[in-house]
Amino acid sequence: MTTLPDTTAPALPGTDPAGASVTDPAGSTVPDVRLAGRGEHGLVAEGYVAEGFEEVREEFDRNLRERDELGGAFCAWWRGAKVVDIWGGVADSAAARPWEPGTKSLIFSGSKGIVAITLLVAVQRGLVDFDTPVAHYWPEFARHGKNRITLRQVMSYTAGLPGVRVPLGQDDITDPLAMAALIAEQAPEDDERAGGILYGPYTAGWIAGEVIRRASGRPVDRFFAEEIAAPHGLDMSYGISADRQGEVAQLQYGAHFLDQYTGFFTSDDPMTRRIWQNPIPFPHEEMVWNRPERRTGLIPAANVIGTARAISRLYSILATDATRAPGEEFTLLSREVLDDARREYVRKTDPLIDIRMVYGGAGFRLRSTPREGVDGDSFGHDGGGGSAHLAWPGAGVGVSYITNRLIAVGPDDKRASSLLKALARSVSRLGA
């Protein structure tokens, strides 16, 4: 496992990662606004917001007081300047460890957005192409009728490979080479329900990771560390080394989180069982994602670990690159590559989980309902339990919210949505 020093994103001119001041788009230095809220758990919410973004701070405080937040962090960049950097609550309730500026969290399916970014950098380097069959890079994948499946189909969940057919235990999924070998030996789903989007928690990451390993000669975690995280000073990685376990928040189940999965985890439907019970991602009896091996292992689609600062900075880079003029020098990805990545590729309702999804061709989740507004062109990927990680190109915003309390999607969890709406209102007032 390749890991990085404990660093935050390098400061931009006029900014201070510790929160001394920030620079507004006009270039003037504005004071930070210190936080003084005290949440449910008696811990002060800390950090700073730039003037004009106080509403975001208020929603974060409300999360701690009223919305079942345990611990978390929210960071946003606007036009290259960090304008919100706040954290609070408890990182480990058993040890009474408070959430600190460098506290990291595992982001579950937010990792799928990082897989998409990793693949896009490989595309930018000329190593892979989304419309080339996976078997071109990984010949064994062609077995059992998979010879024409492309990376674009894999990353948009239209390849008919949402799960693994061989029975798996909880410890098996941390071995990406073994999982890739199993996927190579199976046929796509032939169930008529597999004709559109069929979302799965792990397989797209294992396939993408094996393609990157074959094309670059490096496992996906090392490729990301060397090509993306280290050059941009991002404190995030696929998994984390054993000596850094204490930097990661301990996860807990929250309100009705497990209830939403009851139908999937107890179903007798064979395809549902292959996707959602092999193994069960969130067993009732244990928060398996707190196991050290879940963090030191490599599960590309599910165990990226990082700070909100790092993840938001990465999406901020993409937000800026996505709006550069064609042919203009870019920081991470060219306008051409990003235009293709965030162009709508498929819009379907997953027949098993009954959720309408819209995916771009690289694996970013797009808005299911287009709308006007500073966040109307957002792309990225949310994570199970409540985390959110996005770029808003039109507004030049990159944002990340991480948490350690897993709450059911929908009306039970307003934490991320309240912060994102407050951020959108602030950017709109200040002139997106």
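Look up: the structure comes first, before these words.
1. Side note on the overall build of the protein chain
Part 1: If you tally the helices and strands in the protein chain, you get 13 helices and 17 strands.
Part 2: Residue pairs in contact within the protein chain that sit at least 24 positions apart in sequence constitute 68% of those at least 6 positions apart.
Part 3: In the form shown here, the protein chain has an accessible surface area of approximately 16000 Å², with 49% of it arising from carbon and sulfur atoms.

2. A closer look at the packing of helix 5 (residues 176–184) against helix 6 (residues 203–216)
Part 1: Their axes nearest at 9 Å, the elements helix 5 and helix 6 cross at an angle of 100°. By the angle between their directions, the pair helix 5 and helix 6 is classed as roughly perpendicular. Contacts between helix 5 and helix 6 pair Pro176, Leu177, Met179, Ala180 and Ile183 from the former with Thr203, Trp206, Ile207, Glu210 and Arg213 from the latter.
Part 2: When grouped by side-chain class, the residues that make up the contact of helix 5 with helix 6 number 7 nonpolar, 1 polar and 2 charged.

3. Considerations on the side chain of Thr307
Part 1: Its place among the elements puts Thr307 in the loop between strand 10 (304–306) and helix 11 (308–321).
Part 2: Here Thr307 falls in the buried class, since its relative accessible area comes to 3%.
Part 3: Sequence-distant contacts of Thr307, defined by excluding residues within four places in its chain, comprise Pro101, Gly102, Thr103, Lys104, Asp235 and Ile402.

4. A short note on the pairing of strand 3 (residues 46–50)
Part 1: Where burial is concerned, most of strand 3 is hidden: 4 out of the 5 residues are buried.
Part 2: The pairing of strand 3 with strand 5 (residues 81–92) spans 4 bridges and is antiparallel. In the strand pairing of strand 5, Tyr48 is matched with Asp85.

5. A word on the packing of helix 2 (residues 110–124) against helix 7 (residues 220–229)
Part 1: One way to put it is that helix 2 packs onto helix 7 with a least axis distance of 10 Å and a crossing angle of 70°. Taken together, the axes of helix 2 and helix 7 are roughly perpendicular relative to one another. Where helix 2 crosses over helix 7, the two elements pack in a sense that is left-handed. Residues Ile114, Ile117, Thr118, Val121 and Ala122 of helix 2 form the contact with helix 7, whose own contacting residues are Val220, Phe223, Phe224, Glu227 and Ile228.
Part 2: Of the residues in the contact of helix 2 with helix 7, the class split is 8 nonpolar, 1 polar and 1 charged.

6. So, the sheet that holds strand 7 (residues 105–106)
Part 1: The antiparallel open sheet is built from 3 strands, whose spatial order is 7-10-8. This sheet does not close on itself; its edge strands, each paired only once, are strand 7 and strand 8 (236–238).

7. Focus on helix 1 (residues 54–66)
Side chains three or four residues apart in an α-helix point the same way, a direct result of the helix having 3.6 residues per turn.
Part 1: When the terminal C-alpha atoms of helix 1 are compared, their 18 Å separation across 13 residues agrees well with the 18 Å that a helix rising 1.5 Å per residue should span.
Part 2: Here helix 1 has its buried residues at Glu55, Val56, Arg57, Glu59, Phe60, Asp61, Asn63 and Leu64.
Part 3: Two residues or fewer after helix 1 comes Asp68, characterised by a positive phi angle close to 65°.

8. Comments concerning the packing of aromatic side chains
Part 1: Evaluation of the coordinates by the stated rule reveals 18 aromatic pairs.
Part 2: Seen in terms of ring centroids, Phe108 and Trp289 are 5.3 Å apart; in terms of plane orientation they differ by 85°. Their pairing is edge-to-face. Of the two residues, Phe108 is situated in the loop between strand 7 and helix 2 and Trp289 in the loop between helix 9 (270–276) and helix 10 (292–296); the sequence distance between them amounts to 181 residues. Per residue, the accessibility class of Phe108 equals that of Trp289, and both read buried.
Part 3: When the centroid spacing of 4.8 Å and the interplanar angle of 55° are considered together, the rings of Phe364 and Phe379 count as tilted. Of this pair, Phe364 sits in the loop between strand 12 (355–360) and strand 13 (365–366) while Phe379 is found in strand 14 (residues 379–380), placing the two residues 15 residues apart along the sequence. No difference in accessibility class separates Phe364 from Phe379, as the two residues are buried.

9. Regarding the pattern of salt bridges
Part 1: If you walk through the whole model with that rule in mind, you get 38 salt bridges.
Part 2: Two residues, Arg324 and Asp321, come together in a salt bridge whose shortest N-O distance is 2.7 Å. Residues Arg324 and Asp321 agree in their burial class; the two are buried.
Part 3: Between Glu328 and Arg324 there is a salt bridge, with the nearest N and O atoms lying 3.5 Å from each other.
Part 4: Residue classification places Glu328 among the partly exposed positions, given a relative accessible area of 38%.
Part 5: With a relative accessible area of 16%, Arg324 lands in the buried category.
Part 6: It is possible to trace a salt-bridge network through shared partners that takes in Arg125, Arg218, Arg222, Glu226 and Glu227.

Conventions used here
Residues numbered from 1 in each chain as written. Predicted model: local features only at pLDDT ≥ 70, side-chain atom pairs only at ≥ 80, totals over all residues. Heavy atoms only, no water. Helix = DSSP H or I, 4+ residues; strand = E, 2+ residues; numbered from the N terminus. Contact = heavy atoms within 4.5 Å. Areas by Shrake-Rupley, 256 points an atom, 1.4 Å probe, with all protein chains shown as cover. Axes fitted to C-alpha atoms, helices over the stretch in contact; angles between N-to-C directions. Parallel < 35°, antiparallel > 145°, perpendicular 65-115°, else oblique. Nonpolar A, V, L, I, M, F, W, Y, C, P; charged D, E, K, R; others polar. Buried < 20%, exposed > 50% of the residue type's maximum accessible area, 1.4 Å probe, protein only. Pairing = 2+ DSSP bridges. Left-handed = near helix turned anticlockwise from the far one by under 90°. Expected span 1.5 Å × (residues − 1). Phe/Tyr/Trp six-rings, centres within 6.5 Å; stacked < 30°, edge-to-face > 60°. Salt bridge = Lys/Arg side-chain N within 4 Å of Asp/Glu carboxyl O.

Remember that the coordinates give geometry; whether it matters functionally is a separate question.
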